[in-house]
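Below are the chains, spelled out letter by letter.
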Amino acid sequence: MQCHTDNTQAGDGPEAAQDEAPLLAQQPSSRTGLDVILRRSSRQLHCQHESMQCHTDNTQAGDGPEAAQDEAPLLAQQPSSRTGLCSARCGLALVLHVSLFMAYALRVSLSIAIVAMTNSSHPHGRAGSAPHGSYPGFAQDAPVYNWSTETQGIILSSFFYGYGLTQALGGYCSGLFGGKPVLGSGLLLSSVLTLLVPRAAELGVSFLIGLQVLLGLAEGVIFPAQYTLWAKWAPPLERSRLMNIADAGCTFGTFIALLVAGIICQSLGWPFVFYIFGGVGCTWCLCWFLLVYEDPGHHPWISAREQEYIVSSLAHQGSSHGRSLPLMAMAKSLPLWAITIACFCTDWVFYMLLTSMPTFLSDVLHFDLRKNGLLSSLPYVGNGLGHILAGLLADFLLARRVLGTAAVRKLFSALGMLFPAAFLVAVPYVGCSSTVVVVLLTLALTIISMTGAGININHIDIAPRYAGFLLGITNTFGIVAGIIAPTAVGLIISQDLQTGWRNTFFISAALNLFGLIFYIAFGSGTIQDWAREDTAVQ
């Protein structure tokens with residue numbers, strides 16, 4: 001108002017100039033034209049100075065609706081003065097990336113080392129153990145065990161039985177005690193158990209199976225705890241890229257473990273796979289407890305601006321849940337069922353491709369994966385890069401307000417589910433071109449990572465207070481799909497190889513399409529009524 005009054009008094013508009021001209025003509029001769037020009041210029045400079053001061057005060061104080069409205073787009077475009085790798089939230093994404101990298105390296109270490117551990121064709125050995133160095137191509141001082149393929153399958157699958165049991169429990173405990181201690185404890189216990197694998201193998205198959213179940217129980221809490229942390233750290237316009245940067249550690253960890261574990265087996269012996277991976281995991285856990293903080297309010301090095309931005313952007317979602325959960329409301333929630341069904345269908349396709357693709361390429365196309373290691377590893381690299389790209393693109397669309405949250409989640413879910421289904425349908429009609437088939441299946445595993453910016457993080461959109469628990473529920477359904485899918489594939493292809501594989505791809509594509517339609521129909525991007533803090537209190 002003061003600036004406007006000065007402008008009016010100064011008369012620096014066109015109308016004022018017209019009004020001032022006659023007045024100047026009537027001025028006494030002592031007031032020369034030069035004096036008038038000087039006085040007018042002085043008033044204009046004074047007004048401009050006050051106008052800039054008013055704008056600065058309003059911007060800093062944010063006092064008034066107009067200031068708040070103007071500030072919101074700026075926050076969307078420039079969330080914090082500390083951006084990139086210097087921000088605390090991006091640092092958390094990198095720490096979680098390494099943590100998930102380690103978790104998956106520990107998880108797949110046995111599936112890689114078991115090739116060097118077993119020699120079922122060896123006729124000798126006592127108590128399941130063959131003489132040292134009986135397996136060619138690996139270190140000559142490591143024991144080799146006479147485990148049948150059925151026994152090996154039981155050993156490897158025992159991990160998932162434990163892994164599925166602690167998903168929901170891990171999400172619930174992380175909501176009560178915090179994501180940092182739950183995730184750190186799960187990773188530390190997983191690392192210690194990995195160190196014990198060689199000793200358990202010496203004691204017998206039953207001990208190794210029990211150890212794998214315990215390893216699954218320990219790792220089952222890691223993913224839900226991560227979601228509990230992100231519910232306190234990830235602003236809505238940055239969730240996709242932050243969470244997908246962290247999740248990319250899973251595929252990169254698997255990829256690096258595949259490369260490194262084989263070298264360790266050949267040079268040092270398979271026991272050192274577990275000693276090295278377990279030792280590195282224990283060391284990293286120390287870094288985890290030193291570097292990670294439960295929320296921005298407890299972080300000692302976060303800037304005041306970044307802390308204020310994160311806290312204010314998440315103020316509407318409320319605090320973590322208490323001991324009671326709205327289980328009945330969750331069971332009746334169609335948006336939650338949409339996520340669950342879509343996750344089941346997507347994980348069916350994902351695990352079917354990961355576990356059955358080598359068999360299909362070997363039995364049907366006679367494709368030698370050992371001579372084409374680069375092609376066999378491309379799905380892991382593509383999936384990891386696809387996660388990061390999808391997160392960046394999704395947040396770009398949200399920040400530019402091109403699409404709303406629900407539309408972005410459904411768009412990326414559609415991309416990650418529709419295209420893999422189309423590629424699966426196309427595979428049986430390609431013929432015997434192994435290269436084209438590998439390209440199609442690799443593209444399917446790469447593009448399926450687009451769901452990382454869709455259904456995989458939609459839990460935080462609809463119920464941030466219960467994100468860890470809900471992730472545990474949907475992950476449990478996904479694990480069930482991962483257990484059923486390979487078994488179903490084996491039953492389908494047992495009758496006729498060519499027809500069985502074609503039916504396998506068609507069924508998987510149909511499941512993916514059904515999950516996508518259900519999610520598009522009932523998915524949501526807003527916080528549900530049962531997930532609001534005031535509703536939970538009532």
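Residues numbered from 1 in each chain as written. Predicted model: local features only at pLDDT ≥ 70, side-chain atom pairs only at ≥ 80, totals over all residues. Heavy atoms only, no water.

1. As for the packing of helix 16 (residues 334–363) against helix 22 (residues 497–522)
We apply this condition: To obtain an axis, a line is fitted to C-alpha atoms, over the contacting stretch when the element is a helix, and the angle between two such axes runs from 0 to 180 degrees between their N-to-C directions. Per the convention used, a helix needs a DSSP run of H or I reaching at least four residues, while a strand needs a run of E reaching at least two, with both numbered from the N terminus. Roughly parallel refers to an angle under 35 degrees, roughly antiparallel to one over 145, roughly perpendicular to one between 65 and 115, and oblique to any angle outside these ranges. In this scheme, a crossing is called left-handed if the near helix is turned counterclockwise away from the far one by less than a right angle; it is called right-handed if the turn is clockwise. All amino acids are sorted into three groups, where Ala, Val, Leu, Ile, Met, Phe, Trp, Tyr, Cys and Pro are nonpolar, Asp, Glu, Lys and Arg are charged, and the leftover types, Gly among them, are polar.
Viewed as axis vectors pointing N to C, helix 16 and helix 22 meet at an angle of 160 degrees, and their least axial separation amounts to 8 Å. Judged on the interaxial angle alone, helix 22 and helix 16 are roughly antiparallel. The way helix 16 lies across helix 22 gives a crossing that is left-handed. Residue composition of the contact of helix 16 with helix 22, by class: 20 nonpolar, seven polar and one charged.

2. Description of the packing of helix 16 against helix 19 (residues 434–447)
Note the following rule: Residue contacts are counted whenever heavy atoms from the two residues lie within 4.5 Å of one another.
Packing of helix 16 against helix 19 brings their axes to within 11 Å, and their N-to-C directions diverge by 165 degrees. When the interaxial angle is binned, helix 16 and helix 19 end up roughly antiparallel. In terms of crossing hand, the pair formed by helix 16 and helix 19 is left-handed. For the pair formed by helix 16 and helix 19, the contact residues are Phe-350, Leu-353, Leu-354, Met-357, Phe-360 and Leu-361 on the first element and Val-437, Val-438, Leu-441, Ala-444 and Leu-445 on the second. Looking at the contact of helix 16 with helix 19 residue by residue, the classes come out as eleven nonpolar, no polar and no charged.

3. As for the packing of aromatic side chains
Heads up, the condition is: Each Phe, Tyr or Trp ring, with Trp reduced to its six-membered ring, pairs with another whose centre is within 6.5 Å; inter-plane angles below 30 degrees give stacked pairs, above 60 give edge-to-face pairs, and intermediate values give tilted ones. Partly exposed residues are those whose accessible area sits between 20% and 50% of the maximum for their type, while under 20% is buried and over 50% is exposed, using a 1.4 Å probe and protein chains only.
In total, this model carries 17 aromatic pairs according to the counting rule given. Ring geometry for Phe-419 and Phe-423: centres 6.5 Å apart, planes at 40 degrees, overall tilted. Of the two residues, Phe-419 and Phe-423 both sit in helix 18 (residues 405–426), four residues apart, roughly one turn of that helix. Judged by relative accessible area, which is 40%, Phe-419 ranks as partly exposed.

Worth remembering: the numbers are spatial, not functional.
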